[in-house]
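A closer look at the structure
Okay, here's what each chain looks like letter by letter:
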Amino acid sequence: MSDPNPYADDSYKWGPPQPPGNPPTVPDGSGYGYPAPGAAPAYGYPQPLPDGAAQPGPGYGYPGHGQPTQPGFNLPAQQGGGGVPMLSLGDITVMNDGIVTPSGTLPLKGAVWTATDMSRTEEKIPTVGIVLAIVFALFCLVGLLFLLMKEKRTTGFVQITVTSGGRHHQTMIPATGPETFHWVMSQVNTARSMSA
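The sections below set out a description of the structure shown in this document. (Residues numbered from 1 in each chain as written. Predicted model: local features only at pLDDT ≥ 70, side-chain atom pairs only at ≥ 80, totals over all residues. Heavy atoms only, no water.)

1. Examining the overall build of the chain
Along the chain, the regular secondary structure elements total two helices and seven strands. Reading the secondary structure of the chain in the N-to-C direction produces β-β-β-β-β-α-β-β-α. By the burial criterion, 21% of the 196 residues in the chain qualify as buried. If you sum the accessible surface of the chain, you get close to 15,000 Å²; carbon and sulfur atoms cover 62% of it. (Helix = DSSP H or I, 4+ residues; strand = E, 2+ residues; numbered from the N terminus. Buried < 20%, exposed > 50% of the residue type's maximum accessible area, 1.4 Å probe, protein only. Areas by Shrake-Rupley, 256 points an atom, 1.4 Å probe, with all protein chains shown as cover.)

2. Side note on the pattern of salt bridges
This structure, assessed with the given rule, holds one salt bridge. For Arg120, the salt bridge is made with Glu122, and the minimal N-O distance between the two is 3.0 Å. Owing to a relative accessible area of 32%, Glu122 belongs among the partly exposed residues under this scheme. (Salt bridge = Lys/Arg side-chain N within 4 Å of Asp/Glu carboxyl O.)

3. A few points about the nonpolar core
Leu89, Val94, Ile99, Trp113, Ile160 and Val188 are the most contacted members of the largest nonpolar core, which totals 18 residues. Only β1 (85-89), β2 (92-95), β5 (112-124), β6 (151-164) and α2 (180-195) provide two or more residues apiece to this core. Top contributing element to this core by residue count: α2, with four residues. (Core = buried A, V, L, I, M, F, W, Y, C linked by side-chain atoms within 4.5 Å.)

4. Description of the side chain of Thr101
Among the secondary structure elements, Thr101 is positioned in strand β3 (residues 98-101). By relative accessible area, which is 8% here, Thr101 ends up buried. There is a polar contact of 2.6 Å between the side chain of Thr101 and the backbone oxygen of Gly104. When neighbours within four sequence positions are excluded, Thr101 is seen to be in contact with Asp91, Ile92, Leu106 and His169. (Polar contact = N/O pair within 3.5 Å; in protein donor to acceptor, adjacent residues only side chain to side chain. Contact = heavy atoms within 4.5 Å.)

5. Structural notes on α2
In this model, α2 (16 residues) spans 23 Å end to end at C-alpha, consistent with the 22 Å of a helix rising 1.5 Å per residue. When we look at burial in α2, the residues that qualify are Thr180, Val184, Gln187, Val188, Ala191, Met194 and Ser195. The arc that holds the buried residues of α2, viewed along the axis, is 110°, so those residues lie on one side. Away from its buried face by more than 90 degrees, α2 exposes His182 and Ser193. Tucked into the core, α2 has its buried residues touching β1, β2, β5, β6 and β7 (167-174). (Expected span 1.5 Å × (residues − 1). Arc of directions from axis to C-beta.)

6. Quick look at the packing of aromatic side chains
If you walk through the whole model with that rule in mind, you get one aromatic pair. With 5.5 Å between their ring centres and 25° between their planes, Phe136 and Phe146 make a pair best called stacked. Of this pair, Phe136 sits in helix α1 (residues 127-139) while Phe146 sits in the loop between α1 and β6, placing them ten residues apart in sequence. For Phe146, a relative accessible area of 26% gives the class partly exposed. (Phe/Tyr/Trp six-rings, centres within 6.5 Å; stacked < 30°, edge-to-face > 60°.)

7. Points about the sheet that holds β5
Overall, antiparallel pairing links the three strands, which are arranged β5-β6-β7 in an open sheet. The open sheet has two free edges, formed respectively by β5 and β7, since each of these has just one partner strand. Each strand axis lies, on average, 10° off the axis of its neighbour in the sheet, ignoring direction. Of the pairings in the sheet, the one linking β5 to β6 comprises 13 bridges and is antiparallel in character. Of the residues in β6, the one forming a bridge with Thr114 is Thr161. Along the sheet face, α2 touches β5, β6 and β7 and points at about 175° away from the line of β5. (Pairing = 2+ DSSP bridges. Axes fitted to C-alpha atoms, helices over the stretch in contact; angles between N-to-C directions.)

8. Regarding the environment of Thr190
Looking at the element boundaries, Thr190 is found in helix α2. Residue class for Thr190 comes out partly exposed when judged on its relative accessible area of 36%. Along the backbone, Thr190 and Leu87 are 103 residues apart, and their C-alpha atoms lie at a distance of 8.7 Å. For Thr190, the side chain forms a polar contact with the main-chain oxygen of Ser186, separated by 2.9 Å.

Structure below.
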């Protein structure tokens with residue numbers, strides 16, 4: 001190891017022999033990403049079609065060949081004959097004529113809806129309240145008032161089940177607070193009234 005950098009002379013020393021090549025050069029008057037004046041466009045610019053090539057049709061995202069010409073979504077009709085989305089509960093979408101789930105479309109009429117609250121709300125004294133109570137208890141007994149600080153935390157899910165046409169689907173909605181179950185029940189009651 002007499003030479004500290006074996007690649008200092010930029011010669012290729014490993015692997016199969018390589019044909020000699022020319023280093024890339026930049027013509028005068030042009031820079032990275034811009035063609036020289038009067039030169040043919042390079043990579044990144046629209047290339048001219050070779051002689052005898054047919055004009056290409058519209059590419060991806062262009063109107064034509066069944067592509068929508070108006071902005072927005074052209075959603076295919078649902079299996080139940082189409083419909084308008086009325087409400088959504090997790091991955092269950094209630095249309096005006098059916099219930100769309102990941103496992104298929106269920107009939108809306110006669111559907112049975114259930115909701116189960118699987119969430120819980122815990123109430124505890126936060127760590128900062130305990131620390132402040134200890135610090136201020138040494139000075140006076142007023143520090144014990146910090147033990148009255150409470151912190152509520154809700155965890156769990158609300159389970160929604162729908163059964164219709166001999167098929168069954170359930171979804172879980174995360175509970176973000178004690179009011180989540182009441183909101184879900186109002187949505188389920190709306191779906192029940194539509195199913196009647």
